[in-house]
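Structure assessment
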Amino acid sequence: MELTRENVAALIGAVVAVLLQIMVAPAIALFSAIPNFIVAFCIVRAVAAPYQAGSLIPLALGLVFDLVGGGPVGGMAFVLVLVTFFASRLFAALNNDTLFMPVTIILVSTMLVEVLYGLVVVACGAGVSFGEALLYRVLPCMLYDCVIGLLLYPIAIRVLVEKPLGQPGTPVLR
């Protein structure tokens, strides 16, 4: 791994996401919905820098989430690696320089992470039905994560990408 500006920014962002998840997320929980800064960071990074986004950071952050969160170890790591891989490949294939595609991919990917993780937790014996898990945990957390992801995306475009894409019709300044 080269020591470039993007890699350093990604590592700093990963550390900040873990610290926010541990210290801030429990304090801003609404009812049973706790925001997941780790999921939001990994998804936003996969969309903001699809060609640089690998599987190492989602794997490491997923394992940290599993070890700190008390869920099945490896569940979030597996789901994050899977969804970030598909999100980065989908964005690389469908990028058309508009804001619609990244926002849509962030929203769908965040929903997919929460639903798949809910399935993993229920399958590993959480003691609740999938309907209860979906209604009381997955849906509220999914909405919270989507909002955080949409707030992080403009920041990630400026920090994680060396040369951000312009909007259609805007002149390129050199």
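Computed from a predicted model, the values in this text were never measured in an experiment.

1. Let's talk about the nonpolar core
In this structure, Ile38, Phe41, Leu61, Met76, Leu80, Val113 and Tyr153 are the most contacted members of the largest nonpolar core, which totals 35 residues. Looking at this core, the elements with two or more residues in it are helix H1 (5-24), helix H2 (37-48), helix H3 (56-69), helix H4 (75-94), helix H5 (100-123) and helix H6 (130-159). No other element matches the 9 residues that H2 contributes to this core. In terms of nonpolar packing, the next biggest core, distinct from the first, is built from 7 residues, Ala33, Cys141, Tyr144 and Ile148 among them.

2. Considering the packing of H3 against H4
Where H3 meets H4, the closest approach of the two axes is 7 Å, and the angle between their N-to-C directions is 150 degrees. In terms of orientation, H3 and H4 fall into the roughly antiparallel class. H3 and H4 meet at a crossing whose hand is right-handed. In this structure, H3 uses Pro58, Leu59, Gly62, Leu63, Phe65 and Asp66 to contact H4, whose residues at the interface are Gly75, Met76, Ala77, Leu80, Val81 and Thr84.

3. Let's talk about the packing of aromatic side chains
Here the structure, examined in full by the defined rule, presents 2 aromatic pairs. Aromatic side chains Phe65 and Tyr117 sit 5.9 Å apart centroid to centroid with 75 degrees between the ring planes, which places their arrangement in the edge-to-face category. Placement of the pair is Phe65 in helix H3 and Tyr117 in helix H5, with a sequence separation of 52 residues. By the burial criterion, Phe65 is buried, and Tyr117 matches it. Relative to Phe86, the ring of Phe85 has its centre 5.4 Å away and its plane inclined at 70 degrees; by these criteria the two rings are edge-to-face.

4. A short note on H3
Because an α-helix packs 3.6 residues into every turn, residues spaced three or four apart end up facing the same way. With 14 residues, H3 should reach 20 Å at 1.5 Å per residue; the first-to-last C-alpha distance of 20 Å fits that figure. Looking only at H3, the buried set comprises Ile57, Pro58, Leu61, Gly62, Phe65 and Asp66. Projected down its long axis, H3 shows its buried positions confined to an angular sector of 160 degrees, all on one face. Along H3, exposed side chains directed more than 90 degrees from the buried face belong to Leu56 and Leu67. Against the buried residues of H3 lie H1, H2, H4, H5 and H6. Downstream of H3 by a residue or two, Gly70 has a phi angle that is positive, lying close to 90 degrees.

5. Topic: the side chain of Ser109
Here Ser109 shows up in helix H5. The exposure class of Ser109 is buried, given its relative accessible area of 7%. With residues near it in sequence (within four places) discarded, Ser109 still touches Ile43, Val83 and Ala87.

6. Things to note about H6
Between the first and last C-alpha of H6 there are merely 38 Å, a value that for 30 residues lags more than 12% behind the 44 Å anticipated at 1.5 Å per step. Within H6, the full set of buried residues consists of Ala133, Val138, Cys141, Met142, Tyr144, Asp145, Cys146, Ile148, Gly149, Tyr153, Ala156 and Ile157.

Criteria and thresholds
All residue numbers refer to positions counted from 1 along the written sequence of the respective chain. Totals for whole chains, interfaces and linings use every residue, but because this is a predicted model, local features are given only for residues with pLDDT of at least 70 and side-chain atom pairs only at 80 or more, for both listing and counting. Calculated side-chain values reflect all of the structure's heavy atoms, with hydrogen atoms and water omitted. Put simply, buried Ala, Val, Leu, Ile, Met, Phe, Trp, Tyr and Cys residues joined by side-chain atoms within 4.5 Å make one nonpolar core. Burial classification: accessible surface area is computed with a 1.4 Å probe over protein chains only, and a residue below 20% of its type maximum counts as buried, one above 50% as exposed, and the rest as partly exposed. By definition, any uninterrupted DSSP run of H or I lasting at least four residues is a helix, any uninterrupted run of E lasting at least two residues is a strand, and each is numbered from the N terminus. Geometry is summarised by axes, namely lines fitted to C-alpha atoms with helices restricted to the contacting stretch, and by angles between N-to-C directions that run from 0 to 180 degrees. Here the angle decides the label: under 35 degrees means roughly parallel, over 145 means roughly antiparallel, 65 to 115 means roughly perpendicular, and every other value means oblique. If you view the pair so one helix is near and one far, a crossing is left-handed when the near helix is turned anticlockwise from the far one by less than a right angle, and right-handed when it is turned clockwise. Any two residues whose heavy atoms approach within 4.5 Å at even a single point are treated as in contact. Ring geometry is summarised as follows: Phe, Tyr and Trp rings, the Trp one being its six-membered ring, pair when their centres sit within 6.5 Å, and such pairs are stacked at plane angles under 30 degrees, edge-to-face over 60 and tilted between the two. In a helix, the anticipated span is given by 1.5 Å times the number of residues less one. By definition, the arc is the one covered by directions from the helix axis to the C-beta atoms.

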